[in-house]
Amino acid sequence: MSNESQELGITESKSHKPGDWYAEVVQKANLADYAPMGGFIVTKPRGYALWEAIQDALDGWFKETGVDNVYFPLFIPESFLEREKDIVEGFDPEVAWVTHGGHDELEERLAVRPTSESIIAPFMADWTRSHRDLPLRLNQWCSVVRWEATETKPFFRTKEFMWQEGHTAHATDEGAWDEVWTRLGQYERVYEDVLAIPVLRGKKPEHDKFPGADTTTTVEALMPDGKSVQGGTSHNLGQSFAEAFDITFVDEDENEQTAYTTSWGLSWRALGALIMTHSDDQGLVLPPTIAPTQVAIVPIWQEETKDDVLEYSENIADELEDAGFRVELDDRDERNPGFKFNEHELNGVPLRLEIGPYEVEDEEVTLVHRPDNEESVADRDGIVETVDEHLDEIFDKLYDTAEENLENNIREAHSPEDILGTLGKHGGYVKTPWCGDEACEEAIKEKIAAEIVMQPLEDEGGTTAGEVPEPDHDECGVCGDPADEIAYFAKSY
Ligand SMILES: [Zn+2]
């Protein structure tokens, strides 16, 4: 083995050391690097392309459903943050402050935005005069900073992270709920249809909702290591923000009314979930929906067959490109086919076409699936349809594996011992009746680093918070008191 092929290999094991393995995949697949400051990363072209693919999908759906993009300043005056005390209390320890401009101390400190409610809301108040101005739907793609002192984990834990934050105002409670479900549905769709990751939809328990929110809804994805990822959140803020920031409007009867607002966000943590869910000990695995290169064509030639093999390969590459596939013809002279196979595996190219003199002679192609190395031979004729089918199959393989992991890892428990034992042994979600008291979550959290990540909703899409369905058992799985809610405990990222 040359040094180069050793460099290509992943040395850590996903099942034994998921944290180290994850860090190695991110670096070796050239997605991101560590910045000189702890807690920050440099997103490399291959990593940023994945974020752009998520952006493209979501941004298109947002615009189809009435959202306009805006951009607000990176800095927020302290007095603005203080107007909504709930936000300040919620984020205070994590806020980074600018105190100087050049050599001069600022009269008022500026917060580096931890989220932008407090600077966007006053403008929404300004722009909302009449019921005809509503609904007002704004979104911005930006980064935010939360100064958490934890170990850097690219895309999962960084002080600065990329996201989108949507902020909307509505004339009615129904309008706000409708918005909350629309965005949660779009988050679910981006996970399931683009990232090939099934999710659970639910709400956060009262004590864990966004500061100032009425209800926080969430999509949660289960990682193969048994931990849950909060995939995106959509908050119904009720009228609390509108009251704090004076977002009022004159209704049809000339009466002044307070608006209802929502906010919703999805961050590049989705990339973390993507990498963690599908990749393996050979490197990155990507669903064809998001892979920057969907098909790698690797010609295999000897000197005397080179011209024929290359011509045949180029012809196929052209046909596939014309059909709209993202194709790379890997005709590098200085690399042998084995090296190329490894590299495309490491980079997560979903489908590889191998073309040697035999394929040329028989007018065939050999196709290899990245996730499981399944190999097959197909006719050169109809290559576009064949590749299309294979890419669909690859997507389904990835989705089905993730779905199986999710379905097999929701377990019920009805006592603290059972909850702790199940979480300790299997990870995943533990579903239990809950009395609603935060102390019961604390009791579990103290013993094992797991919390209530989600409560399922009964009445999704309705105009109420969607009641949490009644549990079969009526005793809290932790304290034994009467319980009329269901909670999902899990360790989480
Ligand atoms: Zn309890």
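Residues numbered from 1 in each chain as written. Predicted model: local features only at pLDDT ≥ 70, side-chain atom pairs only at ≥ 80, totals over all residues. Heavy atoms only, no water.

Looking at an unreviewed UniProt entry, one finds the chain named Proline--tRNA ligase and attributed to Natrialba aegyptia DSM 13077. Quoted verbatim from the Subunit (unreviewed entry) field of UniProt, the annotation for the chain is "Homodimer." Per UniProt, the comment on the chain under Sequence similarities (unreviewed entry) is "Belongs to the class-II aminoacyl-tRNA synthetase family. ProS type 3 subfamily." (UniProt positions renumbered as here; feature names shortened; annotations may be inferred.)

*Asks:* Quick rundown of the sheet that holds strand β15 (residues 295-299)? Include the residues and the values.
*Replies:* Strands sit in the order β16-β15-β17-β18-β19 across an open sheet of five strands; the sheet is mixed. Either end of the sheet is taken by a strand with one partner, and the two such strands are β16 (327-329) and β19 (375-379). Adjacent strand axes in the sheet meet at a mean angle of 25 degrees, parallel and antiparallel pairs treated alike. Taken together, the three bridges between β15 and β16 define a ladder with parallel strand orientation. Each bridged residue has a counterpart across the sheet, and for V295 the counterpart in β16 is V327. Seen against the sheet, helix α10 (residues 306-322) touches β15, β16, β17 (351-355) and β18 (364-369) and runs at an angle of roughly 170 degrees to β15. (Pairing = 2+ DSSP bridges. Helix = DSSP H or I, 4+ residues; strand = E, 2+ residues; numbered from the N terminus. Axes fitted to C-alpha atoms, helices over the stretch in contact; angles between N-to-C directions. Contact = heavy atoms within 4.5 Å.)

*Asks:* Any chance you could break down the domain arrangement of the chain for me, citing the residues and the numbers?
*Replies:* How big an interface is tends to be stated in terms of the accessible area lost upon association of its parts. Taken as a whole, the chain is organised into domain 1 (13-278), domain 2 (295-392) and domain 3 (412-491). When each unit is reduced to the centre of its C-alpha atoms, the spacing between domain 1 and domain 2 is 41 Å. (Domains from an automatic or database assignment.)

*Asks:* Report on the packing of α10 against helix α13 (residues 383-407), specifying residues and quantitative values.
*Replies:* Closest axis-to-axis distance for the α10/α13 pair is 10 Å, and the angle between their directions is 70 degrees. Looking at the two axes, α10 sits roughly perpendicular to α13. Both α10 and α13 take part in a crossing whose hand is right-handed. Residue-level inspection shows I316, E319 and L320 of α10 in contact with α13, the latter providing I383, V384 and V387. (Parallel < 35°, antiparallel > 145°, perpendicular 65-115°, else oblique. Left-handed = near helix turned anticlockwise from the far one by under 90°.)

*Asks:* Tell me about the coordination of the zinc ion, residues and numbers included.
*Replies:* At this site the zinc ion is bound by C435 (SG), C440 (SG), C476 (SG) and C479 (SG), with donor distances of 2.2 to 2.3 Å. For the zinc ion, the four donor atoms are set out with angles of 102 to 116 degrees between them, so the coordination reads as tetrahedral. Sequence positions of the residues that donate to the zinc ion give the spacing C-x4-C-x35-C-x2-C. Here the residue C435 occupies a position in the loop between β21 (429-434) and α15 (438-447), and C479 occupies one in the loop between β22 (451-454) and β23 (485-490), the gap between them amounting to 44 residues. On the accessibility criterion, C435 (22% relative accessible area) is partly exposed. (Donors = N, O, S within 2.8 Å, 3.2 Å for Na, K, Ca; no water. Tetrahedral: all angles 85-135°; square planar, octahedral: opposite > 155°, others 65-115°. Buried < 20%, exposed > 50% of the residue type's maximum accessible area, 1.4 Å probe, protein only.)

*Asks:* Go over unusual backbone geometry, please, and point to the residues and values.
*Replies:* With an omega dihedral of -5 degrees, the bond running from L134 to P135 counts as a cis peptide bond. Note that P135 resides in the loop between α6 (117-127) and β7 (136-145). Residue N373 is not a glycine yet carries a positive backbone phi of 60 degrees. Following the sequence through the fold, N373 ends up in the loop between β18 and β19.

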